[in-house]
Amino acid sequence: MKNQTSKSVLNRQNGELAFKILHFRNNTQFDQMQRNNYYVLAWLTKGVGILKTPYFEYYIKNDSMFSFAPYQPFLVESEHCEGVAIYFHSDFFCIHQHQTEITCDGILFNNIHQSPTFSINRQTRDKFEALIENIENEISTPSVAQYEMLVSYLKILIITASRLKSDLNYSQPLSTVEPEKLQQLKALIELRFNTVHSTTEYANQLNISPNALSKLVKKYYKKTFKELITERIIIEAKRELYLTKKTIKEIAYLVGYNDEYYFSRLFKKYTGISPHIYRKTVGFGKAELT
């Protein structure tokens, strides 16, 4: 039996990967740190393992799903696992441009406050199996408007996964719900991450000591406060690099840095690549391929 089988669609303009669906039957696909220039949505159908990110480790088992945005590092440690992974480039389908349609940005992808993994129930499993079959049939027998059909299936899959993850988070036990201070912190970060980077300033706004705030963030998010705020800054920088033609200097200033070289070093530290390479490999926000 082959360890993996895949079906792909290439970008018509440059011949690079646009969309791929892959069935894996061992862990060779994810056993090294992944830094992909496309989105990844993976479903573990059999087995158990440890999903590792730079900040934390997550136990995963059969019927777990995990998702990562471009250049977000992760790996999986497992002796045996099976599943299916879907990869798509932003030029194939940009979640930022279609946020009002699919609302996955901040739920499936680019969420600095939640785990990247969640469990799939039986009802959702049946939906995913049907969608995956439809996707594979469409790739195997290309016809008129193949891209449009694949994007439609991908949208349904993403919306279904986003709804499930959102519902699971909403219904979690009270003992695991974030304290009110962290809920207030999330709102403050969204308002001020591009102008305020200091733990002390956020703590003052929340009427809490910097040390107490740092401990809360570490306990619930498994990150330092600096890592939390920097991750939010990097997410915004990525959006600007993809969706606009602003210069690196302009983007650096937009997220709170007067020194574009310091910003570039920070971006590379957290993503493994420079802002220029990110823009080159993920691309400007183009119209969907036709």
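All values reported here derive from a predicted model rather than from experimental measurement.

Asks: Would you explain the overall build of the chain in this entry?
Replies: A count of helices and strands for the chain gives 10 helices and 8 strands. For 290 residues, the compact-globule formula gives about 19 Å, and the C-alpha radius of gyration of the chain, at 20 Å, lands near that figure. In the chain, which comprises 290 residues, the proportion classed as buried is 49%. Here the contacts in the chain between residues at least 6 apart in sequence split such that 69% fall between residues at least 24 apart. For the chain, the accessible area works out to roughly 14,400 Å², and carbon and sulfur atoms hold 50% of it.

Asks: Looking at this structure, how should I read the pattern of salt bridges?
Replies: Summed over all chains, the structure comprises 10 salt bridges. Note that glutamate 129 and arginine 125 form a salt bridge whose closest N and O atoms lie 3.0 Å from each other. Highlighted residues: glutamate 129 and arginine 125, both in helix 2 (residues 122–140), separated by 4 residues, approximately one helical turn. Judged by its relative accessible area of 37%, glutamate 129 falls in the partly exposed class. Take arginine 125: its relative accessible area is 18%, and that puts it in the buried class. Among the charged side chains, a salt-bridge network with shared partners connects Glu190, Arg232, Glu236 and Arg239.

Asks: Explain the packing of helix 4 (residues 180–192) against helix 7 (residues 225–243) here, please?
Replies: How two helices pack is summed up by the angle between their axes together with the distance between the axes. Two elements in contact, helix 4 and helix 7, have axes separated by 10 Å at closest approach and are oriented at 45°. If you check the angle between helix 4 and helix 7, you find them oblique. Relative to helix 7, the crossing made by helix 4 is right-handed. Two secondary-structure elements touch here, helix 4 through Leu185, Ile189 and Glu190 and helix 7 through Phe225, Leu228, Ile229 and Arg232. Its residues assigned to classes, the contact of helix 4 with helix 7 shows 5 nonpolar, no polar and 2 charged.

The rules behind these values
Residues numbered from 1 in each chain as written. Predicted model: local features only at pLDDT ≥ 70, side-chain atom pairs only at ≥ 80, totals over all residues. Heavy atoms only, no water. Helix = DSSP H or I, 4+ residues; strand = E, 2+ residues; numbered from the N terminus. Rg over C-alpha atoms; globule rule 2.2 N^0.38 Å. Buried < 20%, exposed > 50% of the residue type's maximum accessible area, 1.4 Å probe, protein only. Contact = heavy atoms within 4.5 Å. Areas by Shrake-Rupley, 256 points an atom, 1.4 Å probe, with all protein chains shown as cover. Salt bridge = Lys/Arg side-chain N within 4 Å of Asp/Glu carboxyl O. Axes fitted to C-alpha atoms, helices over the stretch in contact; angles between N-to-C directions. Parallel < 35°, antiparallel > 145°, perpendicular 65-115°, else oblique. Left-handed = near helix turned anticlockwise from the far one by under 90°. Nonpolar A, V, L, I, M, F, W, Y, C, P; charged D, E, K, R; others polar.

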